[in-house]
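Survey of secondary and tertiary structure
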Amino acid sequence: MKLSALFLFPLLCMTAGALAQSVEDSPSTVQQEASEIPQWLADLSNLPREQRTEYINTFSAAKVALAKGDWVTCDTLLTTCELIFRGNPHICNMRAVCYIEQKRFADAQIEVDKAKKELPDDPTTLVNIATLHMARGEYQACVDEMSELISAYGYSVNPEVLDILTFRVFLSHLMLGHETEALELVQDVSPLSDTPLYYYSRAAVCLYKKDLTGAKGDMQSAARIFNNSAARLAPYQRALLNCNMGMPEQKGVTAGENPL
């Protein structure tokens, strides 16, 4: 295994919001991290330099297109990546995002199924599962599957991602008319929790009750409090839009946001 694979790992795994650990420079850390490098990444590192560079540049361009909401370009670039090298499991999650946004739900399901098999506890996989259910209006399925997955993998998921997943289950309960069950999910969340979940769960309840003024106030509070990290709000805005619960001025929010 070439050592270059170790330094490719953070670049390639930070796809569609996946959270990668930074690599320390100490020899002991290099040895420890190298043993955890997946085989596909080791295989990629063994490509000729020109092919490897072309792959990394194309993959990076796909990530930029995804962040901009240019779903067709992203999908095209991912296909180019696979012509150079096949085996990066994160591509299926990126494609799933593109297909969900284009309402190509059957194609998205194929990619989500791949992700379930290859990256079952990846944060982006979990978010894509929930998002596809919500986009299809399968709210009970979202509650059932996500509750099971959170129970199984929640301990290993970053707290910020866990809040995003919780919000999707919360919204699904609201869409089913289960307001009490939804509120139970966030009963321990407060302004001191330092998470958009507090403000967006309140806003969602207001939207559910047709209180646009209250919803706008909570969203403005979130925007003010998280003004230095606006990307943290985008996954919550996306989730509202997937349930057709967004504020009128939010209709163009998907471009440029964190795909989570």
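Up top is the structure.
A short tour of the structure in this document, coming up. (Residues numbered from 1 in each chain as written. Predicted model: local features only at pLDDT ≥ 70, side-chain atom pairs only at ≥ 80, totals over all residues. Heavy atoms only, no water.)

**Notes on the environment of Leu 47**
Note on placement: Leu 47 falls in the loop between helix H3 (39–45) and helix H4 (49–68). Sequence-wise, Leu 47 and Phe 85 are 38 residues apart; in three dimensions their C-alpha atoms are separated by 8.6 Å. (Helix = DSSP H or I, 4+ residues; strand = E, 2+ residues; numbered from the N terminus.)

**What to know about unusual backbone geometry**
Although it is not a glycine, Asp 194 sits at a positive phi angle of roughly 55°. Inspection of the secondary structure puts Asp 194 in the loop between helix H11 (179–185) and helix H12 (196–208). A residue is classified by how much of its surface remains accessible, and Asp 194, at 48% relative accessible area, is partly exposed. Within the chain, Lys 210 stands out as a residue other than glycine whose phi angle is a positive 65°. Within the secondary structure layout, Lys 210 lies in the loop between H12 and helix H13 (212–225). Classification of Lys 210 by relative accessible area gives exposed; the value is 71%. (Buried < 20%, exposed > 50% of the residue type's maximum accessible area, 1.4 Å probe, protein only.)

**What about the packing of H12 against H13?**
H13 packs onto H12 with a crossing angle of 165° between their chain directions and a minimal axis gap of 7 Å. With respect to their mutual orientation, H12 and H13 come out roughly antiparallel. Viewed along their axes, H12 and H13 form a crossing whose handedness is left-handed. Here Tyr 199, Tyr 200, Arg 202, Ala 203, Cys 206 and Leu 207 of H12 come into contact with H13, specifically with Leu 212, Gly 214, Ala 215, Asp 218, Met 219, Ser 221, Ala 222 and Ile 225. Here the contact of H12 with H13 is composed, by residue class, of ten nonpolar, two polar and two charged. (Axes fitted to C-alpha atoms, helices over the stretch in contact; angles between N-to-C directions. Parallel < 35°, antiparallel > 145°, perpendicular 65-115°, else oblique. Left-handed = near helix turned anticlockwise from the far one by under 90°. Contact = heavy atoms within 4.5 Å. Nonpolar A, V, L, I, M, F, W, Y, C, P; charged D, E, K, R; others polar.)

**Section: the packing of helix H10 (residues 159–175) against helix H14 (residues 234–242)**
In contact at an axis separation of 10 Å, H10 and H14 are set at 20° when each is read in the N-to-C sense. On the basis of the axis angle, H10 is roughly parallel to H14. Pair H10 / H14 crosses with right-handed handedness. Of the residues in H14, those touching H10 at Glu 160, Asp 163, Ile 164, Phe 167, Arg 168 and Leu 171 are Pro 235, Tyr 236, Arg 238, Ala 239 and Leu 240. Tallied by class, residues from the contact of H10 with H14 come to seven nonpolar, no polar and four charged.

**Structural notes on the packing of aromatic side chains**
The geometry of an aromatic ring pair comes down to the distance between the two centres and the angle between the two planes. Under the counting rule described, the total for this entry stands at eight aromatic pairs. Considering the side-chain rings of Phe 167 and Phe 170, the 6.1 Å spacing of their centres and the 15° angle between planes classify their relative orientation as stacked. Pair noted here: Phe 167 and Phe 170 are both in helix H10, with a separation of three residues, about one helical turn. For Phe 167, a relative accessible area of 0% translates into the label buried. Through a chain of ring-to-ring contacts, three or more aromatic side chains come together here, namely Phe 167, Phe 170, Tyr 200 and Tyr 236. (Phe/Tyr/Trp six-rings, centres within 6.5 Å; stacked < 30°, edge-to-face > 60°.)

**Regarding H13**
Taking 1.5 Å of rise per residue, 14 residues should cover 20 Å, and H13 covers 20 Å from first to last C-alpha, within 8% of that figure. Among the residues making up H13, those that are buried are Ala 215, Asp 218, Met 219, Ser 221 and Ala 222. Down the axis of H13, the buried side of the element spans an arc of 150°, and every buried residue falls inside it. Relative to its buried face, H13 has exposed residues pointing more than 90 degrees away, namely Thr 213 and Arg 224. (Expected span 1.5 Å × (residues − 1). Arc of directions from axis to C-beta.)

**A short note on the nonpolar core**
Within the largest apolar cluster, 68 residues are counted, with the highest numbers of intra-cluster contacts made by Met 146, Phe 167, Phe 170, Leu 171 and Leu 240. Examining the composition of this core, we find that nine residues originate from one element, H12, more than from any other. What Met 146 contacts, discounting residues up to four positions off in sequence, is Leu 126, Ile 129, Ala 130, Ala 141, Leu 165 and Val 169. (Core = buried A, V, L, I, M, F, W, Y, C linked by side-chain atoms within 4.5 Å.)

**Describing H14**
Burial analysis of H14 places nine of its nine residues in the buried class, which makes it a mostly covered element. What H14 keeps buried is the set Ala 234, Pro 235, Tyr 236, Gln 237, Arg 238, Ala 239, Leu 240, Leu 241 and Asn 242.

**A closer look at the pattern of salt bridges**
Throughout the structure, instances matching the rule amount to ten salt bridges. Among the salt bridges present, the one from Arg 232 reaches Glu 160, with a minimum N-O distance of 3.6 Å. Residue Arg 232 is located in the loop between H13 and H14, and its partner Glu 160 is located in helix H10; the two are separated by 72 residues in the primary sequence. For Arg 232, a relative accessible area of 21% corresponds to the partly exposed category. Overall, the relative accessible area of 34% leaves Glu 160 in the partly exposed class. (Salt bridge = Lys/Arg side-chain N within 4 Å of Asp/Glu carboxyl O.)

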